[in-house]
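# Geometric and topological summary
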Amino acid sequence: QAQPVESGGGLVQAGGSLKLSCSAAGIAGIKGMGWYRQAPGNQRESVATIVSNGITNYADSVKGRFTISKNKANDNVYLQMNNLRPEDTAVYYCKIVTPWGDRWGQGTQVTVSS
């Protein structure tokens, strides 16, 4: 596997929840993982990151609603998204940070209806 693979996106009503998964199987030298999102007309923005020692960081817009976690054994990273809002609608991308560069997934669509 040369790039991370996301799954778990979909259509949900405002106030609902989704859990995204990202597989980084086979990627060596992982130093950090993160979830980013990009809506049409917007810049790609960091949503949540987690580094090797487990320290996490969240965008202010998702703090208290989203939780990032990782499974060290299989190099999966997850994003639990609760109390979703229409403004959360975007393509969500997984990024894996290694000493040899960043690896990006192809993204998974999250659509939140009002």
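The following refers to the structure shown. Predicted, not measured: the structure shown is a model, and the values here were computed from it. (Residues numbered from 1 in each chain as written. Predicted model: local features only at pLDDT ≥ 70, side-chain atom pairs only at ≥ 80, totals over all residues. Heavy atoms only, no water.)

Our next topic: the overall build of the protein chain. If you tally the helices and strands in the protein chain, you get zero helices and 11 strands. When the helices and strands of the protein chain are placed in sequence order, the string is β-β-β-β-β-β-β-β-β-β-β. Taken over C-alpha atoms, the radius of gyration comes to 13 Å for the protein chain, in line with the 13 Å a tight globule of 114 residues would show. Here the C-alpha coordinates of the protein chain stretch approximately 40 × 25 × 25 Å along the principal axes. Split into buried and exposed, the 114 residues of the protein chain put 39% on the buried side. Here the analysis covers contacts within the protein chain between residues at least 6 apart in sequence; of these, 54% occur between residues at least 24 apart. Counting every atom, the protein chain has about 6,000 Å² of accessible surface; 47% of that belongs to carbon and sulfur. The centroid of the 11 positive side-chain charges in the protein chain is displaced by 6 Å from the centroid of its 7 negative side-chain charges. (Helix = DSSP H or I, 4+ residues; strand = E, 2+ residues; numbered from the N terminus. Rg over C-alpha atoms; globule rule 2.2 N^0.38 Å. Buried < 20%, exposed > 50% of the residue type's maximum accessible area, 1.4 Å probe, protein only. Contact = heavy atoms within 4.5 Å. Areas by Shrake-Rupley, 256 points an atom, 1.4 Å probe, with all protein chains shown as cover. Lys, Arg positive; Asp, Glu negative; His and termini not counted. Charge placed at Lys NZ, Arg CZ, Asp CG, Glu CD.)

Nonpolar side chains tend toward joint burial in soluble globular proteins. In terms of nonpolar packing, the biggest core is built from 28 residues, with W35, L79, M81 and Y92 touching the most fellow members. Sorting the residues of this core by element identifies β3 (18–23), β4 (32–38), β5 (45–51), β7 (66–71), β8 (76–81), β9 (90–98) and β11 (108–113) as the ones contributing at least two each. Looking at this core, the element that brings in the most residues is β9, giving four residues. Those residues within four positions of Y92 in sequence are excluded, and the remaining contacts are E6, L20, W35, Y36, R37, V47, F66, L79, M81, G107, T108 and V110. (Core = buried A, V, L, I, M, F, W, Y, C linked by side-chain atoms within 4.5 Å.)

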